[in-house]
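Report on the structure
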Amino acid sequence: MRVLGIDPGLRNMGWGIIDAEGSRLSHVANGICHSVGSELAARLLSLHEQLTDVVARFQPDHAAIENTFVNKDGVGTLKLGQARGVALLVPAQFGLVIGEYAPNKVKKTVVGVGHAEKHQVEHMVKLQLPGVAINGADAADALAIAICHAHYARAGAGIEGALKRARA
């Protein structure tokens, strides 16, 4: 299974791709889509085009996206939500299975604690994907999201398989 993890952001949208075979994870690629333009619509279009290129180039089977948290800045939260819409739209256009995860769930899965710091997440991503060269904090978060999805997708596949065998 090839998983695309996406860390949504209006200025910088992190992405990371891993392959998961059983419990074995391997790094494929990672990077950051930087929005271009001064108008919101142009920036969203820029993110859409860049993320579309990533999906077309690496052809993942699944996508995983971090849920948006609400903060005190309502306008900022709304803009982040619009960038998250692009992050959901692109994988949907390619027909990918999409998982959505809360930031604390990603951190708990990758680090072991739900309130881990960014440097702890990056450290654990490097441990789980030996030799990876991470292209920034947003890409590290995206790889963590992909790892989280690989973990839960495997668990779900195991449960589905057990249910099918039980029904047979």
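As shown above, the structure is provided for reference.
What comes next is a walk through the structure.

Rules used in this analysis
Counting of residues starts from 1 at the beginning of each chain's written sequence and follows it residue by residue. Side-chain atom pairs in this predicted model are given and counted only at pLDDT of 80 or more, local residue features only at pLDDT of at least 70, and totals for whole chains, interfaces and linings cover all residues. Hydrogen atoms and water are omitted, and side-chain values are computed over all heavy atoms in the structure. One bridge is not enough; two strands pair if DSSP finds at least two bridges between them. Here a helix means four or more residues in a row that DSSP labels H or I, a strand means two or more in a row labelled E, and each is numbered from the N terminus. To obtain an axis, a line is fitted to C-alpha atoms, over the contacting stretch when the element is a helix, and the angle between two such axes runs from 0 to 180 degrees between their N-to-C directions. Here, two residues are considered to be in contact whenever any of their heavy atoms come within 4.5 Å of each other. Think of it in three bands: residues with accessible area under 20% of the maximum for their type are buried, residues over 50% are exposed, and the middle band is partly exposed, with areas taken using a 1.4 Å probe on protein chains only. We define a salt bridge as a contact between a side-chain nitrogen of Lys or Arg and a carboxyl oxygen of Asp or Glu at a distance within 4 Å. Here a Phe, Tyr or Trp ring, Trp counted by its six-membered ring, pairs with any other such ring whose centre lies within 6.5 Å, and the pair is stacked when the planes are under 30 degrees apart, edge-to-face when over 60, and tilted otherwise. Sitting over a ring, as applied to charges here, requires NZ of Lys or CZ of Arg to be within 6 Å of the ring centre and within 35 degrees of the ring normal.

**Looking at the sheet that holds strand β2 (residues 12–21)**
Working definition: the strands of a sheet are paired by backbone hydrogen bonds and lie parallel or antiparallel to each other. Strand order in the open sheet formed by 5 strands is β3-β2-β1-β4-β5, and the pairing between neighbours is mixed. Two strands close off the open sheet at either side, each with one partner strand: β3 (24–34) and β5 (97–101). Direction aside, neighbouring strands of the sheet carry axes that sit 20° apart on average. Here 5 bridges tie strand β4 (residues 62–66) to β5, and the two strands are oriented parallel to one another. The residue bridging Ile65 from the neighbouring strand is Glu100, located in β5. Running over the sheet, helix α1 (residues 40–58) touches β1 (2–7), β2 and β3 and is turned about 155° from β3.

**Regarding the pairing of β2**
Of all the 10 residues making up β2, 8 are buried; the element is thus mostly covered by neighbouring parts of the structure. Across 6 bridges, β1 lies against β2 in antiparallel orientation. Of the residues in β2, the one forming a bridge with Ile6 is Trp15. Where β1 folds back on β2, the antiparallel hairpin that results is connected by 4 residues. When β2 meets β3, the two strands line up antiparallel, connected through 10 bridges.

**Let's talk about the pattern of salt bridges**
In this structure the tally under the stated criterion is 5 salt bridges. As a salt-bridge pair, Asp19 and Arg2 come within 2.7 Å of each other at their nearest N and O atoms. Placement of the pair is Asp19 in strand β2 and Arg2 in strand β1, with a sequence separation of 17 residues. When its relative accessible area of 23% is taken as the criterion, Arg2 is described as partly exposed. Asp53 is the partner of Arg57 in a salt bridge, and the nearest nitrogen-oxygen pair spans 2.9 Å. Here Arg57 pairs with Asp53, and both are found in helix α1, just 4 residues apart, close to one helical turn. What makes Asp53 partly exposed here is its relative accessible area of 40%.

**Topic: the pairing of β1**
As a general feature of sheets, a regular strand has side chains that alternate between the two faces. Where burial is concerned, most of β1 is hidden: 5 out of the 6 residues are buried. The pairing of β1 with β4 spans 4 bridges and is classified as parallel. Each residue of the ladder has a partner; that of Leu4, found in β4, is Ala63.

**A few points about the side chain of Ser46**
By secondary structure assignment, the location of Ser46 is in helix α1. Judged by relative accessible area, which is 9%, Ser46 ranks as buried. When residues no more than four places from it in sequence are discounted, the contact partners of Ser46 are His34, Ser35 and Val36.

**Let's talk about the packing of aromatic side chains**
Here the structure, examined in full by the defined rule, presents 2 aromatic pairs. Taking 5.7 Å as the distance between ring centres and 35° as the angle between the ring planes, the aromatic pair formed by Trp15 and Phe58 counts as tilted. You can see Trp15 sitting in strand β2 and its partner Phe58 sitting in helix α1, a full 43 residues away along the chain. Each member of the pair, Trp15 as well as Phe58, carries the same accessibility label: buried. One Lys or Arg, Lys105, reaches over the ring of Tyr152 and ends 4.3 Å from the middle of that ring.

**A short note on the side chain of His62**
Assignment of secondary structure puts His62 in strand β4. Look past the residues within four positions of His62 in its chain and what remains in contact with it is Met1, Arg2, Val3, Leu4, Leu96, Val97 and His149.

So, to be careful, I would describe these as geometric facts and stop short of saying anything about function.
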